[in-house]
Amino acid sequence: MKNKIKANNTEIAYRDRGEGKAIIFLHAFPLSQIMWDDQIDQLSTSHRVITFDWRGFGDSRLGDGIASLDLFADDLAALMDGLSIQKATICGLSMGGYAALAFFRRHGHRIEKLILADTRATTDTEEGRRGRFETAEAVRLHGVDVIVETMIPRLVGETSLKNRHHVCDKVRSMIKSADPETVAQALIAMAGRSDSSELLAEINIPTLIIVGSEDKLTPPVEAEFIRQGIPNSQMFIINGAGHLPNMESPADFNLAIENFLK
Ligand code: MLT
């Protein structure tokens, strides 16, 4: 069941299940907290697990819009305040990872342990940035259908494309139900995000980096860059999974987290 909470002039939809130390999951673009179903189901037997929709995504309201990823970080802090959570393990995947890094920059004292999955520390290239602006415009003009079929083979790995059709279907339905204006604003916010390469050396909390071996969007070389940059970090590669290993190989993903949190 989803609940709603007021945060920074908007309303955030979230799920809060289980007891014990809190772990909060930050979803990817252009998806929703539904991508964490396998994590909330399994990990809530031993932890307090929180999943939520970024403003404008899923069942959360866009409010005043997505000015930047820093606002996502502040929304997360407001959600934690609302749930009386002072400190938690933060797990961000891809765009969720960008937001987790912004959260470290702005509210780092509230992170117990950090999990960065299938993400990158660097900013976009000029070409990448241009592409995001073009896609934002196309989505505003024609709706999210223009990105659905091109995004699926980028988000899931080759193995899932062939053998895990239920994952592709679930990803497709999340993208199809995304709000076009939110998608456009999130693209522009991602294009404007800060470079976090220098920040990595300052991350002084236990950190786990996870990546799917078949991730084409943020391949293992990006994860290795993060691992080398964060002093107290470890890395786990999930074989046979792409950019969404938490959905493609949930048992491996959850086991990596359970071992890290022990
Ligand atoms: C995501 O999965 O969140 C996005 O692919 C991130 C990005 O577009 O950089």
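Please refer to the structure placed before this passage.
Figured I'd write up the structure that's included with this text. Quick caveat: nothing in here was measured; it's all calculated off a predicted structure.

Cut-offs and rules
Residues numbered from 1 in each chain as written. Predicted model: local features only at pLDDT ≥ 70, side-chain atom pairs only at ≥ 80, totals over all residues. Heavy atoms only, no water. Near = heavy atom within 4 Å. Polar contact = N/O pair within 3.5 Å; in protein donor to acceptor, adjacent residues only side chain to side chain. Areas by Shrake-Rupley, 256 points an atom, 1.4 Å probe, with all protein chains shown as cover. Salt bridge = Lys/Arg side-chain N within 4 Å of Asp/Glu carboxyl O. Helix = DSSP H or I, 4+ residues; strand = E, 2+ residues; numbered from the N terminus. Buried < 20%, exposed > 50% of the residue type's maximum accessible area, 1.4 Å probe, protein only. Pairing = 2+ DSSP bridges. Right-handed = clockwise from strand over helix to strand, strands pointing away. Axes fitted to C-alpha atoms, helices over the stretch in contact; angles between N-to-C directions. Contact = heavy atoms within 4.5 Å.

What to know about the site of the ligand
For step 1, the next point in the chain: Ala28, Phe29, Ser94, Met95, Tyr98, Arg132, Met190, Leu217 and His243 make up every residue found near the ligand.
For step 2, the next point in the chain: A distance of 2.5 Å separates an oxygen atom of the ligand from a polar atom in the side chain of Tyr98.
For step 3, the next point in the chain: His243 places a polar side-chain atom, nitrogen or oxygen, 2.8 Å from an oxygen atom of the ligand.
For step 4, the next point in the chain: A total of 270 Å² of accessible area belongs to the ligand in isolation, and the protein chains cover 91% of it.

Things to note about the pattern of salt bridges
For step 1, the next point in the chain: Scanning the model with the defined rule gives 22 salt bridges in all.
For step 2, the next point in the chain: Where Lys2 meets Asp59, a salt bridge forms, and the shortest distance between an N and an O atom there is 2.7 Å. With Lys2 in the segment before strand S1 (3-7) and Asp59 in the loop between strand S4 (48-52) and helix H2 (69-82), this pair connects stretches of sequence that are 57 residues apart.
For step 3, the next point in the chain: The class of Lys2 is partly exposed, set by a relative accessible area of 30%.
For step 4, the next point in the chain: Between Asp37 and Lys170 there is a salt bridge, with the nearest N and O atoms lying 2.8 Å from each other. Taken together, the residues span a long stretch of sequence, with Asp37 in helix H1 (residues 37-43) and Lys170 in helix H7 (residues 165-176) at a distance of 133 residues.
For step 5, the next point in the chain: Accessibility expressed as a relative area gives 28% for Lys170, which makes it partly exposed.
For step 6, the next point in the chain: Ionic contacts of the salt-bridge type, sharing partners, join the residues Lys2, Asp53 and Asp59 into one network.

Some words on the pairing of strand S5 (residues 88-93)
For step 1, the next point in the chain: Buried residues dominate S5, accounting for 6 of its 6 residues.
For step 2, the next point in the chain: Summarising the sheet, strand S3 (residues 22-26) and S5 pair through 4 bridges and their orientation is parallel. Looking at the pairing, Ile23 lines up with Thr89 of S5.
For step 3, the next point in the chain: Sheet analysis places S5 next to strand S6 (residues 111-117), joined by 5 bridges and oriented parallel. Bridge pairing links Ile90 to Leu114 in S6.
For step 4, the next point in the chain: Once the chain exits S5 it traverses helix H3 (residues 95-107) before rejoining the sheet at S6, and the crossover so formed is right-handed.

Side note on the sheet that holds strand S7 (residues 207-212)
For step 1, the next point in the chain: The 8 strands lie next to each other as S1-S2-S4-S3-S5-S6-S7-S8, forming an open sheet whose pairing is mixed. The open sheet is flanked by S1 and strand S8 (233-238), the only strands paired with a single partner. The average angle at which neighbouring strand axes cross in this sheet is 25°, direction not considered.
For step 2, the next point in the chain: H3 rests against S3, S5 and S6 of the sheet, and its axis sits at about 150° to S6.

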